[in-house]
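As a plain string of letters, each chain reads:
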Amino acid sequence: MIPLQSAFNKLNTNKYGASSYDQGLLWVTLILLGIGLVMVYSASIALAEADKAIGHQQTYYLTRHTIYLVVSLSAAFVTFQIPTQAWQRMAPYLFLIGLASLVLVLIPGIGLVAGGSRRWISLVVVTLQPSELMKLFATIYVADYTVRKAAHMDSFKRGFMPMLLVMLVVGGLLLREPDFGAFAVITVIAISILWLGGINVRIFTGLLVLLVIGFVILILVSPYRLERVVGFMDPWADPYGKGYQLSHALIAFGRGEWLGVGLGASVEKLLYLPEAHTDFLLAVIAEELGFIGVLTIIGLFAWLVLRSFMIGKEAIANERYFSALLAQGIGIWIGVQSIINMGVNMGLLPTKGLTLPLLSFGGSGILANCIALAVLLRIDWENKRLQKGVPA
């Protein structure tokens, strides 16, 4: 990961000075990725040793996660070279690509089924999860839409209705997989960007009410979602059934106390806690690194979110409204998904299939997160260029 910073330094030193990009943003991202690499390895050792299909290779998940990081950081470096205006021009096309991928994943023979959900497309060597990239494409598209429709944000028919119809299509495809977590994150991103873009308060309030009603209905009409809510309300009522995953996550948090049991010393990762290296990585962090470790993770994510809003504010000062909404949308995406994942791990929210951004095992998620943060870094870089009087 250090060569990436060297590449950024070389790029900036040659032309505009080494401090022209946000080193804090880059370092916080690299620190989170580094913590994720270490904790994914720690959380996955027992699973890898027990999996006969991979030949009991202890470093199987570590190797794959390292490859994901190399590919994602390489993609991030390429992404940094792309001007923000280019993302705005590509916004509708990227969104259509995202929709096409959500359709493809539902086609038998193309979409792969795992855990009762059809969320992945096989690319021979690796699998792609379209919903992760759709979060990025949706953020770019809604930011572009809000800027284009700025004059109609007070109109339900011309400002809000087209976006509502588009989001219903996206939601319908995601719920067919099903991927309720991704649907929730994309919905929050969309309504937040619309709110930041100046949507009519009455329309926004009505939308929030409809969303709450809609989510309640989706839970009530789906037995497996209802079971998750019931298990969340009292995991100890059925610790070997509906509440199994959450009860073991809470045990991990309890064992960790203030300073944790030590790196690598988790008991819950020894095949007691399902998805320990993906959805419930924070529980392993809590057990091994304790409250201090969890607080550090929360602090790093909070810094990322606050920094994204500061970058957005600077873009507004430069009258770059698409860049502002995109920066803040990325912050909302990272923040909301982190809060949901942490809430699930801590028993504050019902279990959802959402990973912890930048940390959890999963190539598609890491790739989408790294590209998004490279875009954020580019927006800040362009802000600094404009402040120096150099065209972005």
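Everything discussed here concerns the structure shown above.
Residues numbered from 1 in each chain as written. Predicted model: local features only at pLDDT ≥ 70, side-chain atom pairs only at ≥ 80, totals over all residues. Heavy atoms only, no water.

Asks: So what's going on with the packing of helix H5 (residues 130-148) against helix H6 (residues 156-176)? Which residues, and what values?
Replies: Running from amino to carboxyl end, H5 crosses H6 at an angle of 175°, the nearest separation of the two axes being 12 Å. Here H6 runs roughly antiparallel to H5, going by the angle between their axes. In contact with Ser 131, Met 134, Tyr 141, Val 142 and Tyr 145 of H5, H6 contributes Arg 158, Gly 159, Phe 160, Pro 162, Met 163, Val 166, Met 167, Val 170 and Leu 174. (Axes fitted to C-alpha atoms, helices over the stretch in contact; angles between N-to-C directions. Helix = DSSP H or I, 4+ residues; strand = E, 2+ residues; numbered from the N terminus. Parallel < 35°, antiparallel > 145°, perpendicular 65-115°, else oblique. Contact = heavy atoms within 4.5 Å.)

Asks: An account of the layout of surface pockets is needed here, citing residue identities and associated values.
Replies: Looking at the second largest pocket, its volume works out to about 410 Å³. Forming the boundary of the second largest pocket are 21 residues, of which Leu 164, Leu 168, Phe 183, Thr 187 and Leu 211 lie nearest the centre. Where the lining of the second largest pocket is concerned, the elements lending two or more residues are H6, helix H7 (180-196) and helix H8 (201-220). Top contributing element to the lining of the second largest pocket by residue count: H6, with 9 residues. Among the residues making up the lining of the second largest pocket, the classes are represented as 17 nonpolar, 4 polar and no charged. (1 Å grid on protein atoms, 1.4 Å probe; cavity = no way out; pocket = protein on both sides within 12 Å on 5 of 7 lines; lining within 4 Å. Points joined across faces, edges and corners; volume = space filled by probe spheres on them. Nonpolar A, V, L, I, M, F, W, Y, C, P; charged D, E, K, R; others polar.)

Asks: Give me the lowdown on the side chain of Ser 323, citing residues and values where you can.
Replies: Position of Ser 323 among the secondary structure elements: in helix H12 (residues 321-345). Among the polar contacts listed, one links the side chain of Ser 323 to the side chain of Arg 320, at a separation of 3.2 Å. In contact with Ser 323, not counting residues within four places along its chain, are Thr 84, Ala 315 and Ile 379. (Polar contact = N/O pair within 3.5 Å; in protein donor to acceptor, adjacent residues only side chain to side chain.)

Asks: Describe the packing of aromatic side chains, and please don't skip the residues or the numbers.
Replies: In the structure shown here, the tally under the stated rule is 10 aromatic pairs. Geometrically, the ring pair formed by Phe 156 and Phe 160 is tilted, given 5.4 Å between the ring centres and 45° between the ring planes. Of the two residues, Phe 156 and Phe 160 both sit in helix H6, 4 residues apart, roughly one turn of that helix. Accessibility expressed as a relative area gives 44% for Phe 156, which makes it partly exposed. (Phe/Tyr/Trp six-rings, centres within 6.5 Å; stacked < 30°, edge-to-face > 60°. Buried < 20%, exposed > 50% of the residue type's maximum accessible area, 1.4 Å probe, protein only.)

Asks: Can you explain a nonpolar patch on the surface? Please cite residues and give values.
Replies: On the surface, a cluster of nonpolar side chains totalling about 780 Å² of accessible area is made up of Val 209, Val 212, Ile 213, Val 216, Ile 217, Leu 220, Val 221, Leu 226 and Val 230. Breaking the nonpolar patch down by element, the ones donating at least two residues are H8 and helix H9 (223-233). Ranked by the residues each element gives to the nonpolar patch, the list is headed by H8, at 6 residues. (Patch = residues over 30% accessible without salt bridge, like charges linked within 9 Å, V, L, I, M, F, W, Y side chains within 5 Å. Areas by Shrake-Rupley, 256 points an atom, 1.4 Å probe, with all protein chains shown as cover. Salt bridge = Lys/Arg side-chain N within 4 Å of Asp/Glu carboxyl O.)

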